[in-house]
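Residues per chain are reported as follows:
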Amino acid sequence: MRIRLIDIDSKIPNLALMQLSAYHKSIGDEVGFDIPNPDRVYISCVFCKNAGNARGVSTMYPDSEVIMGGSGIDIHSKILEPAQKIKPDYTLYPNFDSDLGFTTRGCIRKCSFCVVPEKEGKIHRWQHISEFHQEGHKKVTLLDNNITADKDWFFENSNYLIQNNLKVNICQGMDIRILTDEIAEQLSKMKFINNVINFAWDNPADEEKVLAGIDILKDAGVPLRNVSFYILTGYNTTFEEDKYRCNKLRELGTLCFVMQYKPNKQTRQLARWANKRWIYKSVPFAEYNPHYRRLA
């Protein structure tokens, strides 16, 4: 069978397509992004705003079996069961030199802005990093939604990273509200890609817990200059609350990254300032000139 893969909008290599590729190759199928006259087409769409584009692309293959999936199409969609925990086909993205996978799925939270509780349910163990580690890779990209919520499993996997001298990028912001001295000490032993450890501060009401977590990190010897927080904006907060969180984190010596749920002029300006670290570190937001352009 000839299998064509189409990645509509992934920001990083598409794990689902990598696993589908590995599975179909294991049964002798021809698989790739540029397979002509395919018997089957898999279309992956992550973001709802691109669903129309995905459906439009699907009409380009009238003689093929077309299977569309991803959260942008149907949050309940899943890839073939034999492919769900197969080692990904890293050859699909030859310039990507990192392992990719989940150690857990689901989450202990039920945040109203997030699809994970409906899509994946309660937190549960998924795979050990060793199951998707590629020999020769020195980096690991983890997609877990709340990686420290199962503390014992987090330690099993993070110990594997430490023992094998692997750098990690934990893509989703970790939940600083459940940070403990023990977890912070473990984080201080780990190596992070680009030296950035991601947390999240979605709700302004969590300020006390966030500040307490930052103190725990500091006491554990984690450099605050390497700590970054995702800041959710444009959902249920005012711009003053969004600005306050960013300014507070800057005062404390940490980084932040503005996530725009529903972008507007103010949140775009805040994001342009906060998400460019050289600007964020150089000038307070009150003094930021959005029309300034750094010369090359």
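The notes below deal with the structure included here. Within each chain, residues carry numbers counting from 1 in the order of the written sequence. The model is predicted, so local features are restricted to residues of pLDDT at least 70 and side-chain atom pairs to those at 80 or more, both for listing and for counting; the totals for chains, interfaces and linings are taken over all residues. The basis for every side-chain value is the complete set of non-hydrogen atoms in the structure, without hydrogens or water.

All right, on to the environment of cysteine 114 then. Note that cysteine 114 resides in the loop between strand 6 (104-105) and helix 3 (116-120). For cysteine 114, a relative accessible area of 33% translates into the label partly exposed. Sequence-wise, cysteine 114 and aspartate 202 are 88 residues apart; in three dimensions their C-alpha atoms are separated by 11 Å. For helices the rule is a DSSP run of H or I covering at least 4 residues; for strands it is a run of E covering at least 2, with both sets numbered from the N terminus onward. In this scheme, a residue with accessible area under 20% of its type's maximum is buried, one over 50% is exposed, and one in between is partly exposed, where area comes from a 1.4 Å probe on protein chains only.

Looking now at the sheet that holds strand 9 (residues 167-170). Backbone-to-backbone hydrogen bonds join strands into a sheet, with any given pair of strands oriented parallel or antiparallel. Strands were regarded as paired on the criterion that DSSP finds at least two bridges between them. In space, the four strands of this open sheet follow the order 5-8-9-10, with parallel pairing throughout. Two strands bound the open sheet, and with one partner strand each, they are strand 5 (98-101) and strand 10 (191-192). When strand 8 (residues 139-142) meets strand 9, the two strands line up parallel, connected through four bridges. Within the sheet, the bridge partner assigned to leucine 142 lies in strand 9 and is isoleucine 170.

Pairs can form between side chains of opposite charge once their charged atoms are near each other. Salt bridges are counted wherever a side-chain nitrogen of Lys or Arg sits within 4 Å of a carboxyl oxygen of Asp or Glu. Per the stated rule, a full pass over the model turns up 13 salt bridges. Its salt-bridge partner being aspartate 175, residue arginine 177 comes within 2.9 Å of it at the nearest N-O pair. Exposure remark for arginine 177: the relative accessible area of 32% places this residue in the partly exposed category. Since its relative accessible area comes to 7%, aspartate 175 is described here as buried. Here the salt bridges do not stand alone but share partners, grouping Arg109, Asp175, Arg177 and Asp206 into one network.

As a further point, take the side chain of threonine 103. Summarising the element assignment, threonine 103 is placed in the loop between strand 5 and strand 6. Note on threonine 103: relative accessible area 2%, which makes it buried. For the purposes of these results, a polar contact is taken to be a pair of N or O atoms within 3.5 Å, where, inside protein, one atom must be able to donate a hydrogen and its partner to accept one; residues adjacent in sequence count only when each atom of the pair is a side-chain atom. In this structure the side chain of threonine 103 is engaged in a polar contact, spanning 2.4 Å, whose partner is the side chain of aspartate 144. Note on contacts: a residue pair is in contact if any heavy atoms of the two residues lie within 4.5 Å. Apart from the residues within four sequence positions on either side, threonine 103 is in contact with Arg125, Trp126, Gln127, Ile129, Leu142, Asp144, Ile147, Trp153 and Asn157.

Taken together, four strands build an open sheet; the order of strands is 2-1-3-4 and the sheet is parallel. Every other strand in the sheet has two partners, leaving strand 2 (30-32) and strand 4 (65-69) as the edge strands with one partner each. Going across the sheet, the axis of each strand differs from the next one's by a mean of 15°, ignoring polarity. To obtain each axis, a line is fitted to C-alpha atoms, and for helices this fit is confined to the stretch in contact; angles are then taken between N-to-C directions over 0 to 180 degrees. Across the sheet, helix 2 (residues 51-58) touches strand 1 (2-7), strand 3 (40-44) and strand 4, and the angle it forms with strand 4 is around 170°.

The relative placement of two aromatic rings is captured by the distance of their centres and the angle of their planes. Pairing of aromatic rings covers Phe, Tyr and Trp, the last counted by its six-membered ring, and requires centre-to-centre distances within 6.5 Å; plane angles under 30 degrees mean stacked, over 60 mean edge-to-face, and any other angle means tilted. Throughout the structure, instances matching the rule amount to 10 aromatic pairs. Relative to phenylalanine 257, the ring of tyrosine 230 lies with its centre 6.2 Å away and its plane at 85°, an arrangement referred to as edge-to-face. On the criterion of sequence distance, the pair formed by tyrosine 230 in strand 12 (residues 227-233) and phenylalanine 257 in strand 13 (residues 255-260) is long-range, its members being 27 residues apart. The class for phenylalanine 257 is partly exposed, based on a relative accessible area of 36%. Aromatic rings pair up to connect Phe239, Trp273, Tyr280, Phe285 and Tyr288 into one cluster. Seen from the ring of phenylalanine 102, arginine 105 lies directly overhead, with NZ or CZ sitting 3.7 Å from the centre. The rule for a charge over a ring is simple: NZ of Lys or CZ of Arg within 6 Å of the ring centre, and within 35 degrees of the ring normal.

So, about unusual backbone geometry. One non-glycine residue with positive phi stands out, namely asparagine 37, at about 50°. Looking at the secondary structure, you find asparagine 37 in the loop between strand 2 and strand 3.

Burial in helix 6 (residues 181-189) covers these residues: Ile183, Ala184, Gln186 and Leu187. Burial along helix 6 is one-sided: seen end-on, the buried residues are contained in an arc of 160°. For helix 6, the elements touching its buried residues are helix 5 (151-163), strand 10, strand 11 (197-200) and helix 7 (207-219). This arc is taken over the directions from the axis of the helix to the C-beta atoms.

Each pair of packed helices gets described by two things: the angle between the helix axes and the distance between those axes. At a minimum axis separation of 10 Å, helix 8 (residues 239-252) and helix 9 (residues 265-274) run at an interaxial angle of 10°. Accordingly, the angle class assigned to the pair helix 8 and helix 9 is roughly parallel. The residues of helix 9 that touch helix 8, namely those facing Phe239, Asp242, Lys243, Cys246, Asn247 and Arg250, are Gln266, Thr267, Leu270 and Trp273. The class makeup of the residues in the contact of helix 8 with helix 9 is four nonpolar, three polar and three charged. Every angle not falling under 35 degrees, over 145, or within 65 to 115 is termed oblique; those three ranges are roughly parallel, roughly antiparallel and roughly perpendicular. All residues other than Ala, Val, Leu, Ile, Met, Phe, Trp, Tyr, Cys, Pro, Asp, Glu, Lys and Arg, Gly among them, are scored as polar; the first ten of these are nonpolar and the last four charged.

At a minimum axis separation of 10 Å, helix 5 and helix 6 run at an interaxial angle of 15°. Compared by their axis directions, helix 5 and helix 6 come out roughly parallel. In the crossing of helix 5 with helix 6, the sense of the turn from one axis to the other is left-handed. On helix 6, the residues that touch Lys151, Phe154, Phe155, Ser158, Asn159 and Ile162 of helix 5 are Glu182, Ile183, Gln186, Leu187 and Lys189. Crossing handedness is read from the near helix: turned anticlockwise from the far helix by less than a right angle, it gives a left-handed crossing, and turned clockwise, a right-handed one.

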